Amino acid sequence: MENQVLTPHVYWAQRHRELYLRVELSDVQNPGISITENVLHFKAQGHGAKGDNVYEFHLEFLDLVKPEPVYKLTQRQVNITVQKKVSQWWERLTKQEKRPLFLAPDFDRWLDESDAEMELRAKEEERLNKLRIESQGSPETLTSLKKGYLFMYNLVQFLGFSWIFVNMTVRFFILGKESFHDTFHTLADMMYFCQMLSVVETINAAIGVTKSPVTPSLIQLCGRNFILFIIFGTMEEMQNKAVVFFVFYSWSAIEIFRYPFYMLSCIDMDWKVLTWLRYTVWIPFYPLGCLAEAVSVIQSIPVFNETGRFSFTLPYPVKIKVRFSFFLQIYLIILFLGLYVNFRHLYKQRRRRYGQKKKKVH
């Protein structure tokens, strides 16, 4: 009677370029591991689930792999790395759809496709940064300068928005609703400073100083500065309206948590309470801020119509007067499109930080 073939427990995981196999056999010496015709052959003497025996298995891969497996022996297992011929994500390991009974996911190394893509991009970015930094100078010096620069930028913005937020809060408790109507005259200079300085944030994202995406930063920069400089700054009739208070308050309420979070990130610190606030406070305040901005635009339309500011007449032979209020109505549509883009971006950030646990895989 022929001896029954014993198969060890095998656990697998993948990246876009590699496959990882972990064979649960201890005390293995000189295993037979090869790949022929896209099939991995394994045979070794070792101690497994059925005691000290010869174990073997064969796996036909889903797609083409390079025929040079690399393995490493430890006291408790055999680790095998196989290179894919084409860098891509596989839906399963084997050509046969039904998973072999001895094969299971390696949850210690398992990543979803999106996480693996992020890891791949991070490694590639790290490699390119390393090459760039090596050609430019000492990595430690450049990193320290970059962190120091970002720390100071975020500190200045934090102090500016904190001054605005505290000033508005104190004035509201002392003066009540009366504080609404002189918000602009009291705080405009500091808000001008902070919003002009925020141009640096978009430039940092554009040139790669920070990893933040450019589009959400640019949308926020243009939207806020349009409200501040055009709607409020050019129209004295708008500067004493209560809506200025709500716009300034919603902006500063978000930034007094966002900037200190970035400050601590520069020195590799993570304060859990601050992190939670940074990823949560925007949920009520960001839509409220956009709503307040929309109200300010709507309130400014009759003012621009009455004064005729920024309106113009098309040249002969058309001679049609184009009111600035027409562009404000278009801006209202753009405002809510920007709300969708930024809200989606912020939601994805929060989900990555506090998202659901990964689903089980087969």
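Residues numbered from 1 in each chain as written. Predicted model: local features only at pLDDT ≥ 70, side-chain atom pairs only at ≥ 80, totals over all residues. Heavy atoms only, no water.

Chemist: Explain the overall build of the protein chain to me, please; I cannot follow it from the model alone.
Modeler: A tally of helices and strands in the protein chain yields 10 helices and 10 strands. In the protein chain, which comprises 362 residues, the share counted as buried stands at 40%. Restricting the contact set of the protein chain to residue pairs at least 6 apart, pairs at least 24 apart contribute 67%. In the form shown here, the protein chain has an accessible surface area of approximately 22000 Å², with 59% of it arising from carbon and sulfur atoms. Positive and negative charge centroids in the protein chain, built from 44 and 35 side chains respectively, lie 4 Å apart. (Helix = DSSP H or I, 4+ residues; strand = E, 2+ residues; numbered from the N terminus. Buried < 20%, exposed > 50% of the residue type's maximum accessible area, 1.4 Å probe, protein only. Contact = heavy atoms within 4.5 Å. Areas by Shrake-Rupley, 256 points an atom, 1.4 Å probe, with all protein chains shown as cover. Lys, Arg positive; Asp, Glu negative; His and termini not counted. Charge placed at Lys NZ, Arg CZ, Asp CG, Glu CD.)

Chemist: Got a minute to help me understand unusual backbone geometry in this structure?
Modeler: With glycine set apart, most residues show a phi of negative sign, and most peptide bonds adopt trans. A positive phi angle, close to 55 degrees, is found at D27, a residue other than glycine. Inspection of the secondary structure puts D27 in the loop between β2 (18-23) and β3 (32-36). Despite not being glycine, F310 has its phi angle at roughly 65 degrees, a positive value. If you trace the backbone, F310 turns up in the loop between α9 (282-307) and β9 (312-313). Its relative accessible area of 39% is what places F310 among the partly exposed residues.

Chemist: How should the side chain of R224 be read in this particular structure?
Modeler: In this structure, R224 sits in helix α5 (residues 214-232). Beyond its immediate chain neighbours, meaning those up to four positions away, R224 contacts F161, Q195, W251, E255 and E293.

Chemist: Looking at this structure, I do not really get the domain arrangement of the protein chain. What am I missing?
Modeler: How big an interface is tends to be stated in terms of accessible area lost as the parts join. If you check the domain split of the protein chain, you get domain 1 (8-111) and domain 2 (138-353). Taking only C-alpha atoms into account, the centre of domain 1 sits 53 Å from that of domain 2. (Domains from an automatic or database assignment.)

Chemist: Just to check I follow, could you spell out the UniProt feature "domain: CS" (unreviewed entry) in the protein chain for this structure?
Modeler: As annotated by UniProt and renumbered to match this structure, "domain: CS" (unreviewed entry) occupies residues 5-94. Here residues 5-94 is 0% helix and 51% strand, with 20 Å between the C-alpha atoms at its ends. (UniProt positions renumbered as here; feature names shortened; annotations may be inferred.)

Chemist: Any chance you could explain the environment of A253 here in plain terms?
Modeler: Structurally, A253 can be placed in helix α7 (residues 243-266). Residue classification places A253 among the buried residues on the basis of a relative accessible area of 3%. Measuring from C-alpha to C-alpha, the distance between A253 and V281 comes to 7.9 Å, with 28 residues separating the pair along the chain.

Chemist: I tried to follow the packing of aromatic side chains on my own but got confused; where do I start?
Modeler: The description of an aromatic ring pair uses the distance of the two centres, along with the angle that the planes make with each other. This model, assessed by the stated rule, comprises 30 aromatic pairs. Between F261 and Y279 the ring centres are 5.6 Å apart and the planes differ by 80 degrees, which places this aromatic pair in the edge-to-face class. With F261 in helix α7 and Y279 in the loop between α8 (272-278) and α9, this residue pair connects regions lying 18 residues apart in the sequence. An identical accessibility class is assigned to F261 and Y279; each is buried. Taken together through their ring pairs, the aromatic side chains of F165, F172, F173, F180, F245, F246 and Y249 make up a single cluster. Directly above the ring of Y20 sits R109, whose terminal nitrogen or CZ lies 3.8 Å from the centroid. (Phe/Tyr/Trp six-rings, centres within 6.5 Å; stacked < 30°, edge-to-face > 60°. Lys NZ or Arg CZ within 6 Å of the ring centre and 35° of its normal.)

Chemist: It is not clear to me how the pattern of salt bridges should be interpreted in this structure. Could you clarify?
Modeler: Two side chains carrying opposite charge are able to pair once their charged atoms lie near each other. A complete count under the given rule lists 14 salt bridges for this structure. The salt bridge involving K211 is made with E125; its shortest N-O contact spans 3.9 Å. Of this pair, K211 sits in the loop between α4 (199-207) and α5 while E125 sits in helix α1 (residues 113-136), and the two are 86 residues apart along the sequence. Accessibility expressed as a relative area gives 74% for K211, which makes it exposed. A salt bridge links D270 to R353; its shortest N-O distance comes to 3.9 Å. With a gap of 83 residues between them, D270 in the loop between α7 and α8 and R353 in helix α10 (residues 324-354) connect regions that are remote in the sequence. (Salt bridge = Lys/Arg side-chain N within 4 Å of Asp/Glu carboxyl O.)

Chemist: Looking at this structure, I do not really get the UniProt feature "transmembrane region" (unreviewed entry) in the protein chain. What am I missing?
Modeler: Sites flagged by UniProt as "transmembrane region" (unreviewed entry) map to residues 150-170, 241-261, 281-304 and 324-343. Helix makes up 100% of residues 150-170 and strand 0%, and the two end C-alpha atoms of the span are 30 Å apart. Secondary structure content for residues 241-261 is 90% helix and 0% strand, while the C-alpha to C-alpha distance between its ends is 32 Å.

Chemist: Before we go on, may I ask you to explain the sheet that holds strand β4 (residues 39-48) in this structure?
Modeler: Hydrogen bonding along the main chain pairs the strands of a sheet, whether they run parallel or antiparallel. Ordered in space as β3-β4-β5, the 3 strands form an open sheet in which the pairing is antiparallel. Each edge of the open sheet is held by one strand with a lone partner, namely β3 and β5 (51-60). Neighbouring strand axes in the sheet, compared pairwise and without regard to direction, differ in orientation by 15 degrees on average. The sheet contact formed by β4 and β5 spans 10 bridges and is antiparallel. (Pairing = 2+ DSSP bridges. Axes fitted to C-alpha atoms, helices over the stretch in contact; angles between N-to-C directions.)

Chemist: Where do I start with the state of the cysteines in this structure?
Modeler: Two cysteines whose sulfur atoms are joined by a covalent bond form what is called a disulfide. With the rule as written, the count across this model stands at 0 disulfides. Considering cysteine sulfurs only, C290 is the nearest to C222, which forms no disulfide, with 14 Å between them. A relative accessible area of 5% places C290 in the buried class. (Disulfide = S-S within 2.5 Å.)

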